[in-house]
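Summary of structural features
Here is what each chain is made of, one letter per residue.
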Amino acid sequence: MNMPLTLVVDDEPDIRELLEITLNRMQIQTRCAANLAEAKQLLAGNSFDLCLTDMKLPDGDGLELVDYIQAAGMQLPVAVITAHGSMDIAIKAMKKGAFDFLSKPVDLAVLRQLVSHALQASLTGAPEKERRTRDILLGESELMCNIRSKIDKLARNQAPVYISGESGSGKELVARLIHQQSPRGSNPFIAINCGAIPQELMESEFFGHKKGSFTGAVIDKQGLFQAADSGTLFLDEVADLPLALQVKLLRAIQEKKVRPIGEQREVSVDVRLLSATHKDLAKMVQEGGFRQDLYYRINVIELSLPPLRARPSDIPQLTEHLLKGLAANNGMALPKLSDAALQALKNYFFPGNVRELENILERALALHENGIIEVDDLNLPVGMDMVAAEDYDAEKMSLESYLEGIEKKALTAALEENRWNKTATAKYLGMSFRSLRYRLKKLGLE
């Protein structure tokens, strides 16, 4: 087997020598360049497996090299070396497609971990990964094909990914796929719902604690960052983190180190961070509920998942897959879905997305007769179908705007019933006059 070949780009001879010695001890060959021009010349004449480049070069910078390699279509992981504290530059590099970053002075243990992950990414075959992803993340709509393609790309670098989408749209499934397809796939995947941890226990849960560091700390405890070491940490509902913990999380991400409660020394951690929420995180930043600096750290790359209503063509495949699993789990024969029932599902709004589809099918499985699921067995809520939402574009509307549309129709009908007498309408609807006026004003009906 040929030894991997790495391109090292740095204008400081001492740094080049340090990186060369470290890589050679890892059985990795190196070629060195002192500037951008030499790097491009070496790239033209060699097939590299990895590139390590300093950010500041005499004739340009590392970002230019990232752009050059991306534009040339080279499947080559690039890690940039930045000055201490230059996190903004590191984020910019990863947005451009860099695999990861290193801060000066270079920590050799961190370097070795980064190189190992990068070479694994470089040598992993994408076609097989795409086939496996298609088997797990179902749907042949253009939207889902694009999502699978993005997952494949995101799995090849270490950049923090922020997964946005409505509840039930599959955010944790996507996070697991990014992890499984990545060089970290055989290492731990730790998922935590940030809204499910009591605030007083959060710091201990994330960073661990030493025995006796507080009342109730009867043993040493490893935190989530250490549990996910060399793997992936997935923070679901990250919007629920209190501001005090957001500060400490930001430091852990930037320094790649954590300090357990009661411990004097910091502990290095090698973790790829993925996060998700169904809330509007950008809006929370504007309103002061989420730190802007942390938002930019975790949202280096955003992956937005479409709601199920935006891809109705995927519903037949999802329904078949979910029904097979539910029938097998319940030891039942696989029922058929009537054409009318399938059409009803295609027309339904699905505020709870794929999770709601599974719940609907589980209920229908218990209610159906004669091996056929009919419309009545689905027990779909009245007035929540797409046909009733003719004024909206299913691909663009949010759940909030859709529900406002339903409320607007209901209020208009109540006003017409009471001949637009607001006092009578408020009484008819069982709300105060003030509440009715607020709703009418918000919905533009006043």
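Right, let's walk through the structure included here. (Residues numbered from 1 in each chain as written. Predicted model: local features only at pLDDT ≥ 70, side-chain atom pairs only at ≥ 80, totals over all residues. Heavy atoms only, no water.)

1. Looking at the overall build of the chain
Counting its secondary structure elements, the chain contains 20 helices and 16 strands. If you line up the chain on its principal axes, its C-alpha atoms span 85 × 50 × 50 Å. Out of the 446 residues in the chain, the part that is buried amounts to 46%. Of all intrachain contacts in the chain linking residues separated by at least 6 positions in sequence, the fraction that spans at least 24 positions is 69%. (Helix = DSSP H or I, 4+ residues; strand = E, 2+ residues; numbered from the N terminus. Buried < 20%, exposed > 50% of the residue type's maximum accessible area, 1.4 Å probe, protein only. Contact = heavy atoms within 4.5 Å.)

2. Some words on the sheet that holds strand β14 (residues 301-304)
Sheets are built from strands that pair by backbone hydrogen bonding, the pairs being arranged parallel or antiparallel. The five strands are arranged β9-β10-β13-β8-β14 in an open sheet whose pairing can be described as parallel. Each edge of the open sheet is held by one strand with a lone partner, namely β9 (189-193) and β14. Sheet twist, expressed as the average angle between the axes of neighbouring strands with direction ignored, equals 20°. The strands touched by helix α8 (residues 171-181) within the sheet are β8 (161-164), β9, β10 (232-236), β13 (272-277) and β14, with β8 carrying the most contacts at an inclination of about 150°. (Pairing = 2+ DSSP bridges. Axes fitted to C-alpha atoms, helices over the stretch in contact; angles between N-to-C directions.)

3. Some thoughts on the nonpolar core
Residues Ile163, Ile178 and Leu303 are the most contacted members of the largest nonpolar core, which totals 45 residues. Broken down by element, this core gets its largest block of residues, five residues, from helix α4 (residues 87-96). Among residues more than four places away in sequence, those in contact with Ile163 are Lys171, Val174, Ala175, Ile178, Phe234, Ser275, Ala276, Thr277, Leu303 and Leu305. (Core = buried A, V, L, I, M, F, W, Y, C linked by side-chain atoms within 4.5 Å.)

4. Description of unusual backbone geometry
In this model, Lys104 is joined to Pro105 through a cis peptide bond whose omega is -5°. Here Pro105 is to be found in the loop between β7 (100-103) and α5 (108-123). Although it is not a glycine, Glu237 sits at a positive phi angle of roughly 50°. The phi torsion at Arg419 lies on the positive side, around 55°, for a residue other than glycine. With respect to the secondary-structure elements, Arg419 resides in the loop between α18 (399-417) and α19 (422-429).

5. A word on the sheet that holds strand β1 (residues 5-9)
Taking strand neighbours across the sheet as the criterion, the five strands line up as β2-β1-β3-β6-β7 in an open arrangement whose pairing is parallel. Each edge of the sheet is formed by a strand with only one pairing partner; in this case those strands are β2 (29-33) and β7. Between one strand axis and the next, the sheet turns by 20° as a mean value, whatever way the strands run. Here strand β3 (residues 50-54) runs beside strand β6 (residues 78-82); their pairing, made up of four bridges, is parallel. From the neighbouring strand, Asp54 faces β6, where its bridge partner is Ile81. Contacting β1, β2, β3 and β6, helix α1 (residues 13-25) runs over the sheet at an angle of about 165° to β2. In this fold helix α2 (residues 36-45) packs onto β1 and β2, with an angle of close to 140° to the strand it touches most, β2.

6. Regarding the pattern of salt bridges
Considering all chains together, one arrives at 18 salt bridges under this definition. Note that Glu205 is salt-bridged to Lys221, the shortest N-O span being 2.4 Å. On the criterion of sequence distance, the pair formed by Glu205 in helix α9 (residues 202-207) and Lys221 in the loop between α9 and α10 (224-227) is long-range, its members being 16 residues apart. Overall, the relative accessible area of 22% leaves Glu205 in the partly exposed class. In this structure, the salt-bridge partner of Glu320 is Lys324, at a minimum N-O distance of 3.5 Å. Taken together, the residues span about one helical turn, with Glu320 and Lys324 both in helix α14 (residues 315-329) at a distance of four residues. The class of Glu320 is partly exposed, set by a relative accessible area of 47%. Here the residues in one salt-bridge network are Asp10, Glu12, Asp54 and Lys104, joined through shared partners. (Salt bridge = Lys/Arg side-chain N within 4 Å of Asp/Glu carboxyl O.)

7. Some points on the packing of aromatic side chains
Applying the stated criterion across every chain, the model contains six aromatic pairs. Ring geometry for Phe207 versus Phe225: centroids 5.7 Å apart, planes at 25°, classification stacked. Residue Phe207 is located in helix α9, and its partner Phe225 is located in helix α10; the two are separated by 18 residues in the primary sequence. Here Tyr295 and Tyr296 contribute two aromatic rings whose centre-to-centre distance is 5.6 Å and whose plane-to-plane angle is 55°, an arrangement assigned as tilted. (Phe/Tyr/Trp six-rings, centres within 6.5 Å; stacked < 30°, edge-to-face > 60°.)

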